[in-house]
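# A structural walkthrough
Each chain is listed here by its residues.
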Amino acid sequence: MNVTREMFADVMVPNYNPAAMVPVRGEGSKVWDQEGNEYIDFAGGIAVNALGHCHPEMVAALKDQSEKLWHLSNVFTNEPAIRLAKKLTDATFAERVYFANSGAEANEAALKLARRWALDHHGEDKNQIISFKQGFHGRTFFTVTVGGQAAYSDGFGPKPGAIDHAVYNDLDSLKAIMSDKTCAVMMEPLQGEGGIISPTPEFVEGVRALCNQHNALLIFDEVQSGVGRTGELYAYMGLGVTPDILTTAKALGGGFPIGAMLTTAAIAESLKPGTHGSTYGGNPLACAVAERVFDIVNNRELLDEVKRKEQLFRDGLNAINEKYNVFSEIRGKGMLLGCALNEDYAGRSRDFLVASTAANLMCLVAGANVVRFAPSLVIPDADIKEGLARFEKAVAAVVNGQE
Ligand SMILES: *Cc1c(COP(=O)(O)O)cnc(C)c1O
């Protein structure tokens, strides 16, 4: 069958608006489309492809497991799932793991666990969940309601209740709505979709203290910030604030769908047999690939390289900005960076993305005012350099009114 981009609208639900070209092949941080055009990948499958495309060790792990066992369901356990859970718990604060297939599902599990834990220990009045405006936690109805963007959660009928929103980096706004009825506070330790916003140390420490004071669980959604993205294995490690529940997905499978919820043994007790589940969660193929990714990323040398590469990006982006004066700020951490557009270019992030694609560079946006980069953690320096040169062309095209 001869597949074209034009066919998309004839066969797909119209909730996405993908680029005009169709990628067919990837290797490392390069991707090729149907016409054989080469792109440098600064998008990384939206912070997923932590080791680039078709990393040989991941391909080997997938091939190896594909000849042993593909799926069992949770009526049985399997070796890759137990091994991966052991590695995740050894490397973090957590003692117990629940596997899911995506970030939203990991968050759904975290929120249900928090509610059940509060019911078990404090009674049914302790059910308030607080999260932050501009936050993003996935697209199931519970997670999208907890997420702080009405545009994503409105228009689907009655929402799950007892969910309130405070302002990120504004401790007083949290204090004002928090009480002993709060069962959990959910936050991203670096807001991704909301515009690449880092928490201030006072804020994140203050959130932890308020959770302690009100006996509420602190849930860190590390779906985007986790697995080496910030130059730490998990972002919480760089903040010095430990959550009670942590969710991880995206880069965890490096491109194979998997998510996980991590917590302590005591809190995990509330997910008794039968309380929650998933047909595919802990699937052996997914866990075998994720285990290999985790082995490679959980390495101080690799994580230090992420920090060094961040500086290459920052230097290059600052140089572009000196020439064209388009950004107010370069923000974020490690391989999760955002170029905030200045007033002259407000609302135009998509123009930069379209111009980048035309200049053979794949990138992302985070809202209308931020161009986002979330490349592979092991992107070669030469690809960073070439990608930045292409980005400069894209910036020039926007500035000169060609986009
Ligand atoms: C992407 C993302 C999610 C949702 O993950 P899915 O795999 O798309 O369900 C949740 N939280 C954060 C912080 C994310 O970036």
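Look a little higher up for the structure.
Residues numbered from 1 in each chain as written. Predicted model: local features only at pLDDT ≥ 70, side-chain atom pairs only at ≥ 80, totals over all residues. Heavy atoms only, no water.

## Quick notes on the site of the ligand
The immediate surroundings of the ligand are formed by Ser102, Gly103, Ala104, Asn107, Phe136, His137, Gly138, Glu188, Asp221, Val223, Gln224 and Lys250. In this structure, Gly103 approaches the ligand through a main-chain N or O atom, which is 2.9 Å from an oxygen atom. Between the ligand and the protein, one listed contact pairs a nitrogen atom with a backbone N or O atom of Phe136 at 3.3 Å. The protein chains hide 81% of the 390 Å² of surface that the ligand would expose on its own. Residues of the shell around the ligand, tallied by class, amount to three nonpolar, six polar and three charged. (Near = heavy atom within 4 Å. Polar contact = N/O pair within 3.5 Å; in protein donor to acceptor, adjacent residues only side chain to side chain. Areas by Shrake-Rupley, 256 points an atom, 1.4 Å probe, with all protein chains shown as cover. Nonpolar A, V, L, I, M, F, W, Y, C, P; charged D, E, K, R; others polar.)

## Some words on the sheet that holds strand β12 (residues 336–341)
One open sheet holds the four strands; their spatial order is β11-β12-β15-β14, and the pairing between them is antiparallel. What marks the edges here is a single partner per strand, and that holds for β11 (327–333) and β14 (364–365). Across two bridges, β14 lies against strand β15 (residues 370–373) in antiparallel orientation. Bridge pairing in β15 links Val365 to Val371. (Pairing = 2+ DSSP bridges. Helix = DSSP H or I, 4+ residues; strand = E, 2+ residues; numbered from the N terminus.)

## Description of the layout of surface pockets
In this model, the second largest pocket occupies a volume close to 570 Å³. Of all the secondary structure elements, the ones that give two or more residues to the lining of the second largest pocket are α4 (79–91), β4 (96–100) and β10 (259–263). With four residues, the single largest contributor to the lining of the second largest pocket is β4. For the lining of the second largest pocket, the residue count by class is eleven nonpolar, eleven polar and two charged. (1 Å grid on protein atoms, 1.4 Å probe; cavity = no way out; pocket = protein on both sides within 12 Å on 5 of 7 lines; lining within 4 Å. Points joined across faces, edges and corners; volume = space filled by probe spheres on them.)

## Focus on unusual backbone geometry
One non-glycine residue, Gln134, lies in positive phi territory at about 70°. For Gln134, the position within the fold is in the loop between β5 (128–132) and α6 (141–146). Residues other than glycine seldom take positive phi values, yet Asn169 does so here, at roughly 65°. Position of Asn169 relative to the elements: it lies in the loop between β6 (163–166) and α8 (171–175). Since its relative accessible area comes to 29%, Asn169 is described here as partly exposed. (Buried < 20%, exposed > 50% of the residue type's maximum accessible area, 1.4 Å probe, protein only.)

## So, the packing of helix α13 (residues 300–324) against helix α15 (residues 381–399)
Between α13 and α15, the least distance of the axes is 10 Å, while the angle of their chain directions is 25°. Judged on the interaxial angle alone, α15 and α13 are roughly parallel. In terms of crossing hand, the pair formed by α13 and α15 is right-handed. Where α13 approaches α15, its residues Arg308, Lys309, Leu312, Phe313, Gly316, Leu317, Ile320, Lys323 and Tyr324 are matched on the opposing element by Asp381, Ile384, Leu388, Phe391, Glu392, Val395, Ala396 and Val399. (Axes fitted to C-alpha atoms, helices over the stretch in contact; angles between N-to-C directions. Parallel < 35°, antiparallel > 145°, perpendicular 65-115°, else oblique. Left-handed = near helix turned anticlockwise from the far one by under 90°. Contact = heavy atoms within 4.5 Å.)

## A word on the side chain of Ser356
Within the fold, Ser356 resides in helix α14 (residues 349–358). Exposure remark for Ser356: the relative accessible area of 0% places this residue in the buried category. From its side chain, Ser356 meets the backbone oxygen of Phe352 in a polar contact 2.8 Å long.

Function-wise, these values are silent; they only describe arrangement.
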